[in-house]
Amino acid sequence: MAPRVRFAPSPTGYLHLGSARSALFNWLYARHTDGTLVLRIEDTDRERSSQEMIDLILRTFDWLGIEFDEGPYHQSERGQLYLDAAEKLFAAGQAYYCDLTPAEIAERTGGQGYDGYSRDRGLGPGPGRVLRFRVPDEGATVVRDVIRGDVEFEHADLEDFVIVRSDGSPVFLLANAVDDADMAISHVVRGEDLLNTTPKVLLLWEALGYGEPPVYAHLPLIVNDQGKKLSKRRDDVAVEDYRARGYLPEAMVNYLALLGWGPRDDVEVRPVAEIIEQFELTDISKGSARFDPKKLEHVNGEKIRALPLDELLALARPYVEAADWFDAASFDEERWQAVGPLVQERARTLADVPSVIDFLFLADPQVDEASWEKIMVKGPDAAGVLDDAIAAYADAEWTTDVLHETLRSLGEGRDLKLGKAQAPVRVAVTGRTVGPPLFEALELLGRDETLRRLEAARQRL
RNA sequence: GCCCCCAUCGUCCAGCGGCCUAGGACUCCGGCCUUUCACGCCGGCAACACGGGUUCGAAUCCCGUUGGGGGUGCCA
């Protein structure tokens with residue numbers, strides 16, 4: 001039978017890198033096995049959940065290209081199911097009510113957790129009372145995990161946990177068991193931080209008579225450079241932010257797939273279809289994986305280079321339009337269309353694009369003073385080169401090849417290699433020592449503007 | 001404290017008892033290409049945490065130590 005997996009976010013914030021990775025692995029597994037991916041919104045905590053967050057999360061998945069086959073189901077709309085299950089457990093004596101507040105419990109046990117105080121007090125439902133599951137005194141529950149093997153939890157180490165809050169709302173552990181059974185989930189793939197909660201769900205599962213439980217796969221955590229679980233406070237974890245910073249969805253997906261997993265043939269950067277083809281839950285590693293922004297950037301650069309030119313331009317366009325120098329009225333569309341090849345080999349993110357080409361659209365180049373100092377002041381014979389270039393370019397054929405050859409030979413006359421000779425021209429025209437290939441850029445800029453900039457620079461010298 | 005997980009280059013991933021003088025990728029450092037930068041190519045630095053077993057043979061299996069992480073809510 002084809003696997004059924006699920007991604008079950010609680011919509012208390014934007015999509016987190018860790019959640020995105022969990023969703024991704026579920027999706028990869030579903031696609032690889034021709035299974036079904038269910039989306040389930042775990043909004044039993046009404047206080048912290050919101051529709052805006054759900055919408056934002058959905059939009060982000062849409063961007064990533066991760067689609068769900070079923071759902072979304074909302075736990076907030078399935079309350080009765082959970083309450084029925086709770087009632088069943090209570091009726092069978094497998095759950096009991098307790099009227100202690102957290103503060104009272106802390107006082108009783110000195111912060112050691114719940115001691116089973118109300119186990120045999122025979123309390124019924126009522127205001128201020130929670131329903132707790134009666135964990136067996138003896139024995140153990142084994143979590144069958146395809147990544148970690150069997151993990152055993154002694155019942156003696158588990159306390160009687162809350163399954164229905166005093167306000168009558170079900171806790172996720174209960175909702176989890178009920179939903180996974182109801183939705184016929186075959187594999188639960190999620191973060192390792194949930195491993196400890198699994199025996200509780202399994203206990204409920206068994207008490208509810210659901211039969212064979214799902215197979216689990218607890219993914220290694222993604223950690224920051226201090227080795228700690230990625231957190232909202234400390235780390236850049238919002239997938240949306242990466243999108244805004246010019247990362248491609250293909251890069252995010254590819255890179256995230258590499259955290260905790262690797263293809264058997266060692267080819268790391270590749271189309272997602274190939275990742276799907278190679279993906280196996282059993283190949284996932286156990287140790288936590290450090291999120292490395294440098295490597296993400298590298299993958300992003302490769303994805304940018306793999307893009308067709310027109311697609312790259314379309315994706316980069318919003319970043320250009322957001323640049324402070326952008327002016328819709330005077331923007332040279334033709335020049336923009338021609339700029340693709342100059343940008344593709346250089347940009348590592350879409351956000352890099354404007355700064356690579358700004359000089360082509362600015363009225364005057366933004367002069368970097370350090371560059372000016374280095375080339376125009378300290379460099380060899382800048383004035384001479386500029387004079388020669390102004391003279392030679394005044395009537396040269398305006399093509400990349402001719403501009404190139406012209407400058408090469410004029411440099412030779414001054415005993416300068418092309419590398420040196422091009423520098424003053426580059427700084428005069430682009431304002432910087434580094435940038436796209438010069439002669440291609442000059443061709444795009446045009447004779448008049450090039451000469452104007454060369455003369456302006458010569459003046460300043 | 002208690003419970004659970006983990007442990008190969010700085011980082012990610014390979015390795016699943018002999019093919020390992022440990023392989024690939026990112027980073028870094030050289031070199032080549034070259035009009036700068038970038039791209040690309042070539043090369044280099046760099047790891048089996050430690051101690052005991054098991055075995056003819058261990059990075060690979062077992063035990064312990066140490067180290068790291070996660071959980072310990074009427075959050076999920």
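Further up the page is the structure itself.
Here's what I pulled together on the structure shown here. All of these numbers come straight from a predicted model, not from anything done at the bench.

1. Things to note about the protein's contact with RNA strand B
By nearness alone, 63 residues border RNA strand B, and R165, F172, K228, E345 and G435 come closest of all. At 3.1 Å from a phosphate oxygen of RNA strand B is found a main-chain nitrogen or oxygen belonging to D283. R346 is positioned such that a nitrogen or oxygen atom in its side chain is 2.5 Å from a base nitrogen of RNA strand B. Contributing elements (two or more residues each) for the surface near RNA strand B: strand 5 (130-133), strand 7 (149-154), strand 12 (289-290), helix 10 (293-306), helix 18 (418-430) and helix 19 (438-445). Of the residues assigned to the surface near RNA strand B, the class counts are 20 nonpolar, 18 polar and 25 charged.

2. Observations regarding the nonpolar core
Of all hydrophobic cores here, the largest spans 102 residues; its most connected members are L64, F291, W336, I357, Y393 and L454. A per-element tally of this core places helix 1 (residues 17-33) first, with nine residues. Dropping the residues within four chain positions of it, F291 is found in contact with L17, I222, V223, L230, Y242, Y255, L256, L259 and L296. In this structure, A86, L131, L158 and V201 belong to the second largest nonpolar core, which totals 36 residues.

3. Considering the packing of aromatic side chains
Under the defined criterion, the tally for this structure stands at 16 aromatic pairs. Pairing F90 with Y97 gives two aromatic rings, centres 4.9 Å apart and planes at 70°, and the pair type is edge-to-face. For Y97, a relative accessible area of 13% gives the class buried. Clustering of aromatic rings is evident, with ring pairs tying together W325, F326, F331, W336 and F361.

Analysis parameters
Residues numbered from 1 in each chain as written. Chains lettered and ligands numbered in written order. Predicted model: local features only at pLDDT ≥ 70, side-chain atom pairs only at ≥ 80, totals over all residues. Heavy atoms only, no water. Near = heavy atom within 4 Å. Polar contact = N/O pair within 3.5 Å; in protein donor to acceptor, adjacent residues only side chain to side chain. Helix = DSSP H or I, 4+ residues; strand = E, 2+ residues; numbered from the N terminus. Nonpolar A, V, L, I, M, F, W, Y, C, P; charged D, E, K, R; others polar. Core = buried A, V, L, I, M, F, W, Y, C linked by side-chain atoms within 4.5 Å. Buried < 20%, exposed > 50% of the residue type's maximum accessible area, 1.4 Å probe, protein only. Contact = heavy atoms within 4.5 Å. Phe/Tyr/Trp six-rings, centres within 6.5 Å; stacked < 30°, edge-to-face > 60°.

Don't take any of this as a statement about function, it's just geometry.
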